[in-house]
Amino acid sequence: MSIVFKDASFRYANSKKWAVKALSFRIEPGEKILISGPSGSGKSTICRMINGLIPHFYEGEFEGVVEISGLDTRNVRVARLSRDVGLVFQNPENQLVALSVEREISFGLENLGIKREEILRRIDWVMRLLNIERLRERLIHELSGGEKQLVVLAAIMAMKPKILVLDEPTAELDPVNSIRLINMIDELSFKLGLTVVIVEQRVDLIAPIVNRVLVLEEGEIIAYDSPWKVYSMDKVYNSGSAIPKLVELYHELRRVGVDIDRPALTVEEFLEVLGLND
Ligand SMILES: Nc1ncnc2c1ncn2[C@@H]1O[C@H](COP(=O)(O)OP(=O)(O)OP(=O)(O)O)[C@@H](O)[C@H]1O
Ligand SMILES: [Mg+2]
């Protein structure tokens, strides 16, 4: 399912300035995209434009076109879009509605009018898919933050979306749970051909697994390319966007005159770029 922005802009009703301006880009089915940029640059606004919360729930001025699988979001109800586009936010507490894990996962499915047997099949499937069978009988309030975020993801995946949009999903998680969640997202995308759009500050973890990085500055796109290309650009390095530590090292080494032709995203790759691997 492709995502297409054509000259898309949005200004919130109570704001004088455009939150995002004249955005044009495409995301192809099955791609994983990182959206990066300083605070207030428009990352969450893009997420809301993909799932139709903008323009349907947020008041404001909308220009241009956003198409999800060829459908103009202005002409499609949010309820319809939410079947194809799953959205995960930073705080799992705000997204959990039920008392137990099983109830949480069945909730959205019941709202879609899915039959009981199919719901049970989906619960089995998603528990295995995310490897969280151990949580099935548990109560939500007994879970850790990382476990709660996995349950949020399970409830969304149970609806079988084609596109997964995640807005800082690891913000409330510790490093271990963040790695776990990001690996899970990578695995889901691989197994199901899921399109993933993610806003993530832990760029060291996410950059190695995405196809492309979209970098925003004050609501405008300053770069949209593979992580290697994007992170080799000085304008991105100087933009105030989160930068992977190894990319910082690449820029600093170049600054002091070390001959190094491209940034690396993993330690092994860095050694390779430096010609130090064996
Ligand atoms: N509900 C809202 N009402 C009015 N203005 C808003 C609203 N949400 C965001 N904005 C404004 O739109 C611009 C983009 O905000 P957005 O939340 O998309 O940025 P962001 O990149 O997600 O920031 P952060 O990293 O802090 O989450 C900012 O100027 C912000 O103040
Ligand atoms: Mg945000």
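Report follows, based on the coordinates. This is a predicted model, so every value here is computed, not measured. (Residues numbered from 1 in each chain as written. Chains lettered and ligands numbered in written order. Predicted model: local features only at pLDDT ≥ 70, side-chain atom pairs only at ≥ 80, totals over all residues. Heavy atoms only, no water.)

## A few points about the site of ligand 1
For ligand 1, the set of nearby residues contains 15 residues, the closest of which are Ser39, Gly40, Lys43, Ser44 and Thr45. In the complex, the protein chains occlude 69% of the 630 Å² of accessible area that ligand 1 would expose alone. The dominant element in the shell around ligand 1, judged by the number of residues it contributes, is helix α1 (residues 43-50), at four residues. Split by residue class, the shell around ligand 1 holds four nonpolar, seven polar and four charged. (Near = heavy atom within 4 Å. Areas by Shrake-Rupley, 256 points an atom, 1.4 Å probe, with all protein chains shown as cover. Helix = DSSP H or I, 4+ residues; strand = E, 2+ residues; numbered from the N terminus. Nonpolar A, V, L, I, M, F, W, Y, C, P; charged D, E, K, R; others polar.)

## Focus on the sheet that holds strand β9 (residues 212-217)
One open sheet accounts for six strands, arranged β6-β7-β8-β3-β9-β10; its pairing is mixed. With partners counted over all chains shown, the strands left at the sheet margins are β6 (85-88) and β10 (220-225), one partner each. Geometrically, the sheet is characterised by an average inter-axis angle of 15 degrees between neighbouring strands, direction not taken into account. In this structure, β6 lies alongside strand β7 (residues 163-167), joined through four bridges in parallel fashion. Bridge pairing in β7 links Val85 to Ile163. Set on the sheet, helix α6 (residues 145-157) makes contact with β6 and β7; between it and β6 the angle comes to about 170 degrees. Those strands touched by helix α7 (residues 175-192) are β3 (32-36), β7 and β8 (195-199), and its axis lies near 160 degrees from that of β8. (Pairing = 2+ DSSP bridges. Axes fitted to C-alpha atoms, helices over the stretch in contact; angles between N-to-C directions. Contact = heavy atoms within 4.5 Å.)

## A look at the pattern of salt bridges
Scanning the entire structure with this criterion turns up 20 salt bridges. As a salt-bridge pair, Lys245 and Glu248 come within 3.5 Å of each other at their nearest N and O atoms. One end of the pair is Lys245 and the other is Glu248, both in helix α11 (residues 245-255) and three residues apart, which spans about a single turn. Residue Lys245 is classed as exposed on the basis of its relative accessible area, which comes to 55%. Close ionic contact of Glu269 with Arg262 constitutes a salt bridge, the shortest N to O distance being 2.8 Å. Judged by relative accessible area, Arg262 falls into the partly exposed class, the value being 30%. (Salt bridge = Lys/Arg side-chain N within 4 Å of Asp/Glu carboxyl O. Buried < 20%, exposed > 50% of the residue type's maximum accessible area, 1.4 Å probe, protein only.)

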